[in-house]
Structure formats: C-alpha cells, structure tokens
Amino acid sequence: MRDRRADTMSTAPLPEALKLAEGSAFDIGAVMDVMEASFDPVFGEAWSAQQCLGILDLPGVWLIIAWWDGAPAGFALTRMILDEAELLLIGVVPEHRRRGIAQSLLDATMETARAKGVRHLHLEVRQGNCAIELYNRNGFHQVGRRRDYYRGGDGSLFDALSLTKPLLRDFK
C-alpha cells in the first residue's frame, strides 16, 4: 500500500515538513481531529463525522489533507457541480497556523478545480473569521451575505459572507 502522505499535490514549493495528499473516507479520523481542534464551537461552523462522510461519497467531491511531519495539520473539502465548485470547509489546527498550510491547501484546491474545468470557486465564511484575509489576498470577492447563517453552541447567530473567485475565463 502506498503512503498517500508522500503524494505531494501542489507544484509550489512547500516546507519540508508539509505534505499535501488526496484524502478519502478512510481519513475521517484525521479530518475530525483537525475539525475539533480548528473550529471553535462558539461559532457553529464545524461539521460532524457523519456529515463529512455523507458528502465524501458524492460525485465531484474531493478532500485534500495537509500532513505536518506525518500528523494531520489541516484539510480542505470541496464540491464541484458542472463548472462551478464550492470550498465547503478548510481548517488548520491552531498550533500549525501561520506556516502557509491554509495557503497551500487553497492553492491545491484551486489547482485541482482548474484541472477539472471549474470556472468559479465559491465559499462561505463567517463574518469576522480571520480567513477572510486569506481569501481577499487570493482574489476572492464578496457577492452576498446570509444573515444569521451560523448558530453557535450558545445559540448566538453569525452572518455568512458569500465569496467567489473566477478560475478560468473564456478567451473569445
């Protein structure tokens, strides 16, 4: 059996300790470890293992896992329908933040999407989430807002911002 962690996906140079690999339902333990560490229950953004497993079996869905020295450090989960894709979840465990992992995951997601013929990549992010800075730096722009979309563990409500980025353009 091949070690998927050795299959670096991105062509951009990565820190030696970081490996990106395609994931599957077999990696749900790693995904949930990252999810529990990186998504604060105060905001209600995390998915359950059952939700993740349910979407991983659907056509057009792909998972990228970031491994740091062999341990799960982050992941990105994306869904494609026709020539549109949505970055459903991206997370990096707090002790590995500010090392370029989120950028590497986003780059690999966009590379994969382009290779699949995706014209636009969409995502939703909680208003006030520090990841908005990452998305802005990478050319995403806001196209909408869902009021009170996220429900935190204490019942608090938070808006979701809808962002998009064109990946492929028609050249006529």
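A few points on the structure. Everything quoted here is computed from the prediction, not taken from an experiment.

## Some thoughts on the environment of G54
With respect to the helices, strands and loops of the structure, G54 is situated in helix α2 (residues 49–56). Classification of G54 by relative accessible area gives partly exposed; the value is 42%. Distance from G54 to A25, taken between C-alpha atoms, is 9.2 Å for residues 29 residues apart in sequence.

## Re the packing of helix α1 (residues 28–38) against α2
Across the interface, α1 lies against α2 with an axial gap of 10 Å and an inter-helix angle of 130°. Viewed along their axes, α1 and α2 adopt a mutual orientation that is oblique. When you trace α1 past α2, the crossing you get is right-handed. In this structure, α1 uses I28, V31, M32 and M35 to contact α2, whose residues at the interface are A49, C52 and L53. Here the residues of the contact of α1 with α2 are counted per class, giving seven nonpolar, no polar and no charged.

## Things to note about unusual backbone geometry
Residue L82 is not a glycine yet carries a positive backbone phi of 55°. Position of L82 relative to the elements: it lies in the loop between β3 (71–81) and β4 (84–92). According to the relative accessible area criterion, L82 is exposed, its value standing at 76%. The phi torsion at D148 lies on the positive side, around 55°, for a residue other than glycine.

## Some details on the nonpolar core
Core analysis: the biggest nonpolar cluster contains 52 residues, and V31, F75, L77, L105 and Y135 have the highest contact counts within it. If you tally residues by element for this core, the top one is strand β2 (residues 61–68), at eight residues. Not counting chain neighbours up to four residues away, the residues in contact with V31 comprise C52, L63, I65 and F75.

## As for the layout of surface pockets
In this structure, the largest pocket encloses a volume near 930 Å³. As for the largest pocket, its lining consists of 34 residues, of which I90, G91, N129, A131 and Y135 are closest to the centre. Sorting elements by how many residues they give to the lining of the largest pocket places β4 first, with seven residues. Here the residues of the lining of the largest pocket sort into 18 nonpolar, five polar and eleven charged.

## Some remarks on the pattern of salt bridges
Within the structure shown, the criterion is met by seven salt bridges. With a closest N to O distance of 3.3 Å, R119 and D83 form a salt bridge. Note that R119 is positioned in the loop between α3 (101–115) and β5 (120–126) and D83 in the loop between β3 and β4, a separation of 36 residues in sequence. The class for D83 is partly exposed, based on a relative accessible area of 28%. Where R137 meets E133, a salt bridge forms, and the shortest distance between an N and an O atom there is 3.4 Å. With R137 and E133 both in helix α4 (residues 131–137) and four residues apart, the pair spans about one turn of that helix. Both residues of the pair, R137 and E133, belong to the exposed class. Salt bridges sharing common partners tie together R145, R147 and D159.

Cut-offs used in this document
- Residues numbered from 1 in each chain as written.
- Predicted model: local features only at pLDDT ≥ 70, side-chain atom pairs only at ≥ 80, totals over all residues.
- Heavy atoms only, no water.
- Helix = DSSP H or I, 4+ residues; strand = E, 2+ residues; numbered from the N terminus.
- Buried < 20%, exposed > 50% of the residue type's maximum accessible area, 1.4 Å probe, protein only.
- Axes fitted to C-alpha atoms, helices over the stretch in contact; angles between N-to-C directions.
- Parallel < 35°, antiparallel > 145°, perpendicular 65-115°, else oblique.
- Left-handed = near helix turned anticlockwise from the far one by under 90°.
- Contact = heavy atoms within 4.5 Å.
- Nonpolar A, V, L, I, M, F, W, Y, C, P; charged D, E, K, R; others polar.
- Core = buried A, V, L, I, M, F, W, Y, C linked by side-chain atoms within 4.5 Å.
- 1 Å grid on protein atoms, 1.4 Å probe; cavity = no way out; pocket = protein on both sides within 12 Å on 5 of 7 lines; lining within 4 Å.
- Points joined across faces, edges and corners; volume = space filled by probe spheres on them.
- Salt bridge = Lys/Arg side-chain N within 4 Å of Asp/Glu carboxyl O.

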